[in-house]
Amino acid sequence: MSADLTVSSTLPTRRPRTGIALALLVAAQAMVLIDDMIVNIAIPGISTALATSPVQLSWVVNAYLLTFGGLLLLGGRAGDILGRRRVFLAGVGLFTLASLVRGLAPNAEFLIAARAVQGVGAALVAPSVLALIVGMYREGPQRKRAIAVYTAVGGLGAAGGLLLAGIFTSVGSWRWVLMLNVPVGVLILALAPVVVRETARRPGHFDVAGALTSAFGIAALVWALSAIGSGGWSAPEVRVGLVTGLALIGVFVLVERRARQPIMPPRLVADRQRGTAYLAVLLVQGSQIGQLYFLTQFMQQGMGFSPMAAALAFLPVTVTLLALSGAVVKLEPRLGARPLVATGAVLLAGSNLLLADLDFAAFYPTDILPALLLLGAGIALGTIPATIAGTTGVDDTEYGSASSIVTTVTSVGASLALATLVTVMTEASANVEDPAAVASGAAFVTGMSAAFVAAAGFAAATFVAGLFLPGRKAS
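Here the structure is a predicted model, which is why all the values come from computation and not from measurement.

I'm lost on the overall build of the chain in this one. Help?
When helices and strands are tallied, the chain shows 19 helices and 0 strands. Of the contacts formed within the chain by residues at least 6 apart in sequence, a portion of 83% connects residues at least 24 apart. When the accessible surface of the chain is summed, it comes to about 18800 Å², and 69% of that surface belongs to carbon and sulfur atoms.

Please explain the side chain of Asp35 as it appears in this structure.
You can see Asp35 is positioned in helix α1 (residues 15-50). Among the residues examined, Asp35 registers a relative accessible area of 0% and is labelled buried. Within the structure, the side chain of Asp35 is placed 2.4 Å from the side chain of Arg102, a separation counted as a polar contact. Those residues in contact with Asp35 that sit more than four places away from it in its chain are Phe95, Arg102, Arg115, Gln118 and Asn181.

Help me understand a nonpolar patch on the surface in this model?
Together, Leu82, Phe206, Val208, Leu212 and Phe216 line one region of the surface with nonpolar side chains, adding up to about 460 Å² of accessible area. In terms of residue count, the dominant contributor to the nonpolar patch is helix α8 (residues 208-231) (3 residues). Mapped onto the elements, Phe216 comes out in helix α8. Accessibility expressed as a relative area gives 54% for Phe216, which makes it exposed.

Quick question: what am I supposed to make of the confidence of the model for the chain here?
A low pLDDT means the predicted coordinates there should not be read in detail. When pLDDT is averaged along the chain, the result is 83; 89% of the residues meet or exceed 70. Mean pLDDT across the elements of the chain bottoms out in helix α18 (residues 435-440) (63) and peaks in helix α15 (residues 337-355) (96). Below a pLDDT of 50 lies the segment residues 1-16, which in the model reaches 29 contacts outside its immediate sequence neighbourhood of four places, other chains included.

What's the story with helix α14 (residues 315-335) in this structure? I'm lost.
Every α-helical turn comprises 3.6 residues, leaving residues that sit three or four positions apart pointing alike. For α14, with 21 residues, the first-to-last C-alpha span of 29 Å sits near the 30 Å given by 1.5 Å per residue. Along α14, the helix axis deviates most sharply at Ser325, where the bend reaches about 35°. Taken together, the buried positions of α14 are Pro316, Val317, Thr318, Thr320, Leu321, Ser325, Val328, Val329 and Glu332. The first or second residue beyond α14 is Gly336, which carries a positive phi of 85°.

Is there a simple way to think about unusual backbone geometry in this case?
Glycine aside, residues mostly have negative phi angles, and peptide bonds mostly take the trans form. Not every positive phi belongs to a glycine, and Ala51 is a case in point at roughly 50°. Within the element layout of this structure, Ala51 appears in the loop between α1 and α2 (54-82). With relative accessibility at 64%, the residue Ala51 sits in the exposed group.

For this particular structure, what's the right way to read the nonpolar core?
Generally speaking, soluble globular proteins have nonpolar side chains that are buried together. Counting residues in each nonpolar core, the largest one holds 125 residues, and the members touching the most others are Phe88 and Leu295. When residues of this core are assigned to their parent elements, the largest contribution, 16 residues, is made by α1. If we ignore the near neighbours within four places in the chain, the residues touching Leu295 are Gly290, Phe314, Leu355, Leu358, Ile368, Leu372 and Phe452. Ranked by size, the runner-up nonpolar core spans 9 residues in total, among them Leu221, Ala224, Leu225 and Ala235.

Explain the packing of aromatic side chains to me, please; I cannot follow it from the model alone.
What characterises a pair of aromatic rings is the spacing of the ring centres plus the angle enclosed by the ring planes. As enumerated under the stated definition, the model contains 4 aromatic pairs in all. Ring geometry for Phe294 against Phe452: centres 6.2 Å apart, planes inclined by 80°, an arrangement best described as edge-to-face. Placement of the pair is Phe294 in helix α12 (residues 289-302) and Phe452 in helix α19 (residues 442-466), with a sequence separation of 158 residues. Considered together, Phe294 and Phe452 belong to a single accessibility category, that of buried residues. Between Phe298 and Phe360 the ring centres are 6.0 Å apart and the planes differ by 10°, which places this aromatic pair in the stacked class. You can see Phe298 sitting in helix α12 and its partner Phe360 sitting in the loop between α15 and α16 (364-390), a full 62 residues away along the chain.

Which parts of the structure should I look at to understand the pattern of salt bridges?
One side chain can pair with another of opposite charge once the charged atoms of both are near each other. Summed over the entire model, instances satisfying the criterion amount to 5 salt bridges. Its salt-bridge partner being Asp35, residue Arg115 comes within 3.0 Å of it at the nearest N-O pair. With Arg115 in helix α4 (residues 108-136) and Asp35 in helix α1, this pair connects stretches of sequence that are 80 residues apart. One salt bridge in this structure joins Lys144 and Glu332, with 2.6 Å as the shortest N-O distance. In this pair, Lys144 is assigned in helix α5 (residues 141-171) and Glu332 in helix α14, connecting sequence segments 188 residues apart. For the pair shown, Lys144 and Glu332 are each scored as buried.

Before we go on, may I ask you to explain the packing of α15 against α16 in this structure?
Two quantities define a packed helix pair, namely the angle between the helix axes and the distance between the axes. Across the interface, α15 lies against α16 with an axial gap of 7 Å and an inter-helix angle of 155°. Put simply, α15 runs roughly antiparallel to α16. Where α15 crosses over α16, the handedness of that crossing is left-handed. Residues Ala337, Leu340, Val341, Thr343, Gly344, Leu347, Leu348, Gly350, Ser351, Leu354 and Leu355 of α15 form the contact with α16, whose own contacting residues are Asp367, Ile368, Ala371, Leu374, Leu375, Ala377, Gly378, Ile379, Leu381, Gly382, Pro385 and Ala386. Partitioned by chemical class, the residues of the contact of α15 with α16 number 16 nonpolar, 6 polar and 1 charged.

Mind showing me how you'd approach the environment of Ser99 here?
Counting through the fold element by element, Ser99 comes out in helix α3 (residues 84-103). What makes Ser99 buried here is its relative accessible area of 0%. For the pair Ser99 and Gln118, spaced 19 residues apart in sequence, the C-alpha separation works out to 7.0 Å. In this structure, Ser99 is in contact with Gln118, Leu178, Met179, Asn181 and Val182, ignoring residues within four places of it in sequence. At a separation of 2.9 Å, a polar atom in the side chain of Ser99 contacts the side chain of Gln118.

The rules we used
Residues numbered from 1 in each chain as written. Predicted model: local features only at pLDDT ≥ 70, side-chain atom pairs only at ≥ 80, totals over all residues. Heavy atoms only, no water. Helix = DSSP H or I, 4+ residues; strand = E, 2+ residues; numbered from the N terminus. Contact = heavy atoms within 4.5 Å. Areas by Shrake-Rupley, 256 points an atom, 1.4 Å probe, with all protein chains shown as cover. Buried < 20%, exposed > 50% of the residue type's maximum accessible area, 1.4 Å probe, protein only. Polar contact = N/O pair within 3.5 Å; in protein donor to acceptor, adjacent residues only side chain to side chain. Patch = residues over 30% accessible without salt bridge, like charges linked within 9 Å, V, L, I, M, F, W, Y side chains within 5 Å. Salt bridge = Lys/Arg side-chain N within 4 Å of Asp/Glu carboxyl O. pLDDT = per-residue confidence, 0-100. Expected span 1.5 Å × (residues − 1). Bend = angle between axes of the 7 residues up to and from the residue. Core = buried A, V, L, I, M, F, W, Y, C linked by side-chain atoms within 4.5 Å. Phe/Tyr/Trp six-rings, centres within 6.5 Å; stacked < 30°, edge-to-face > 60°. Axes fitted to C-alpha atoms, helices over the stretch in contact; angles between N-to-C directions. Parallel < 35°, antiparallel > 145°, perpendicular 65-115°, else oblique. Left-handed = near helix turned anticlockwise from the far one by under 90°. Nonpolar A, V, L, I, M, F, W, Y, C, P; charged D, E, K, R; others polar.

Okay, structure coming up:
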């Protein structure tokens, strides 16, 4: 077997078994990603059945975001020290159990608690999945193909979550929807010990100060960003959350520079290639997340699509992403990450600008489909090379830390971007003073168009960041 196809000695050397392990790991990643869509679809049923207040409904989402975002760095470091498969299985177990409990929740408080536990499980699973995938292969074509598969699962997970949630919502109750992940989690728990080898435990200790400051700092930022949609940037809780979060992140940076075994080794971020890659991964979220958030509402409320039809409408994104993933992996060694990420950013900007012209007379094949095809291509080009760059050149003892940084900037970037886009949309809609336009939904379209223009701005920022990524010679 050639050097670039050789699997790390910590895992099976037979390719079929390695392929099964990869499939199982990306299935776990899909399970976590799909869950966001599932909860959004189930919220109306939850509100009616459990008589929840608007505040309680917001905490059904926020309880998960706080624990998930806050514990991602700790989850990655835990895998490096305790063994990545062990931490991965613990996370899947927590996530699956919490999925079952929330589906049986008798009241809102019980449901919120289950969602918080679920976030803890997801924070253990997400960085462990990428770390295990990176550790399965030596640097080379096979690892890059595996990362492409991992990245493509993001688009597949979002579309699949909408489709499954739409189907189960139409034929069953919201409780069925919330328990969709239970059989998947049980299957992963049964098969993972057989096909995924445990990594060696690394001598070390947990950076308690770093873990606490990063967890509470990121949680405060996510909480503040989540509150912007309802209270705006000037709301007291938003300001307090942002100031607290930024202050704790500042303390975290100081702690990590002095820690003997930091939870996030500063050299991972200080490296130009990886630091720029992390920035690109953070920024590119803003050019993607708005389309799923706003278009789903527009197609159902403005175009009369059913939830299932709206989910099916996004499938071209997944198909394009999957179709181009292999080509991106082949082009990356020849061209480097720089031109690919820059091209992806241009495609994402074009996709958002096309959607900025939508109105209620929109026709899906001509007005929406081209933008979704550009979106799929832009995600493939803009995300896969950046993820590869962010996990390249990392010592095998730090795969978990590097992977947790990728997942953390993805989560925080998505929260920051969505908060920004919702604010832009809200302010643009508020400027529409004609009562008839407000009643007809034209104000929503005006706000949505402004949000898509802002999303194109995120794509432009990604383009600039991409220019600082390594070219072919640096790779």
